[in-house]
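# Architecture and fold: a report
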Amino acid sequence: SESLKELLPCCAKTNVMFLKTHKTASSTILNIMFRFAERYNLTVALPANKLFHLGYPETFQAKFVEEFQTIGQNYNIMCNHLRFNPSEVRKVMAANTFYFSILRNPIPLLESSYVYYKDNVPAFKISKDVNEYLASPTKYYHPSNYKQNIYARNIMWFDFGYDNNAEDNKKYIQKVLKEIEQNFHLILIADYFDESMILLKHTLCWDLDDVIYFKLNSRSQDTVQTLTPESKERVKAWCSLDWELYLHFNQSFWRRIEETIGLEELEYEVNHLRRRQKELMEICLLNQEAVGKDHINNKALLPYQSGAANILGYNLKQDLDNRTLRTCQKMVMPELQYMSHLYAVQHPHKKRKQLDLVLAQASSRKK
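What you are looking at is a predicted structure, and each value in this text was computed from that prediction instead of being measured.

Within the protein chain, the regular secondary structure consists of 18 helices and four strands. Over its C-alpha trace the protein chain gives a radius of gyration of 20 Å, about what one expects of a compact globule, namely 21 Å for 367 residues. Summarising its shape, the C-alpha atoms of the protein chain cover approximately 55 × 55 × 45 Å along the three principal directions. A total of 367 residues make up the protein chain; the buried ones form 55% of that total. A separation threshold of at least 6 residues defines the contact pool for the protein chain, and within that pool the share at least 24 residues apart is 72%. Total accessible area on the protein chain stands at roughly 17700 Å², and carbon and sulfur atoms take up 50% of it. Across the protein chain, the centroid of the 47 positively charged side chains sits 6 Å from that of the 42 negatively charged ones.

Pasting the structure below:
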């Protein structure tokens, strides 16, 4: 039956739910999902009214989706930030929906979180830098502030809908891991992003160009704080729920690759992906690379800026023909702008999202 299965072409999955986790390269995946939705004319479950995400950090409810009452279970794609709540998500998504998410090593994740949310998270705000914070997190992290402090501890655990301050108890952790395995068909690993894209392409039966990307929402190297070896160890203890989550799914990720693709084929396909990506960068981009926020010429393509992070963006080449220009624009379009564009296309009679306000606030905060 194996050989027969290989002969039959698979059919691209078009009902897909991506749980967008924080600081895990998920903005790049969101862009991939949005482009796929446009390419195949699919309906995206977008945030209702004035919302910019699906109710986050509130636990997700179906009513957070625009026109859920009329569209019902006829959405194809769901990928904006939400706090996972399977029963409510299932009200929105069809029964045959493919569910996936992405995790990242909690050590670089916490540092990224720290810089990005420095201004908004009390535990981060009152500590000098990430190493000082990790030296004695309980000095800065007050459970009474748990809602403001979600980014400061076990953020992935929280995004999956669980209590990020729960006790580290083996039985409890096993129960949660089992539930996540039941709710999700695939968990990718941000630390192996290109490998993840190849696994996603195979699993969803998509084309290479469906998973080609330019890295979005990344920050300039000069804002990265170096963690001491002690701090790295402390993250594992402080974010032990996330650490267990990551270890478990990092293992299943590689097992899945060996079962479905094999390491040799994986290496070949990853190289192909990188060649194609380089080709597109040469076609689209003025500097062949991402640039700092002050060097983005077209302000419409300026990504949302947060904390002390200088979020990078892109400049497109001049004189691209219309078709190429459209392709390139979509690849570099930041999350909020793309969401707002799709919203205007899908809900033409609704008031447009007030994007300029959000982006103006963000850029004025960090002058």
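With an omega of 5 degrees, the peptide bond between tyrosine 56 and proline 57 qualifies as cis. Residue position: proline 57 is located in the loop between α2 (26–39) and α3 (68–71). A positive phi angle, close to 70 degrees, is found at alanine 25, a residue other than glycine. Assessed through its relative accessible area of 32%, alanine 25 is described here as partly exposed. Of note, the phi angle at asparagine 217 is positive, near 65 degrees, even though the residue is not glycine. You can see asparagine 217 is positioned in the loop between α12 (208–211) and α13 (229–238).

Interhelical geometry of helix α5 (residues 106–116) versus helix α14 (residues 240–260) gives an angle of 130 degrees and a closest axis separation of 10 Å. Taken together, the axis directions place α5 and α14 in an arrangement best described as oblique. Mapping the contact onto sequence places Pro106, Ile107 and Leu109 in α5 and Asp242, Trp243 and Tyr246 in α14. Considering only residue class, the contact of α5 with α14 consists of five nonpolar, no polar and one charged.

Before going further, it helps to spend a moment on the nonpolar core. Residues Met78, Val92, Phe100, Tyr133 and Leu188 are the most contacted members of the largest nonpolar core, which totals 122 residues. Ignoring sequence-local partners within four residues, the contact set of methionine 78 consists of Val16, Met17, Phe18, Ala45, Leu54, Phe60, Val65, Val89, Val92 and Met93.

Analysis parameters
- Residues numbered from 1 in each chain as written.
- Predicted model: local features only at pLDDT ≥ 70, side-chain atom pairs only at ≥ 80, totals over all residues.
- Heavy atoms only, no water.
- Helix = DSSP H or I, 4+ residues; strand = E, 2+ residues; numbered from the N terminus.
- Rg over C-alpha atoms; globule rule 2.2 N^0.38 Å.
- Buried < 20%, exposed > 50% of the residue type's maximum accessible area, 1.4 Å probe, protein only.
- Contact = heavy atoms within 4.5 Å.
- Areas by Shrake-Rupley, 256 points an atom, 1.4 Å probe, with all protein chains shown as cover.
- Lys, Arg positive; Asp, Glu negative; His and termini not counted.
- Charge placed at Lys NZ, Arg CZ, Asp CG, Glu CD.
- Axes fitted to C-alpha atoms, helices over the stretch in contact; angles between N-to-C directions.
- Parallel < 35°, antiparallel > 145°, perpendicular 65-115°, else oblique.
- Nonpolar A, V, L, I, M, F, W, Y, C, P; charged D, E, K, R; others polar.
- Core = buried A, V, L, I, M, F, W, Y, C linked by side-chain atoms within 4.5 Å.

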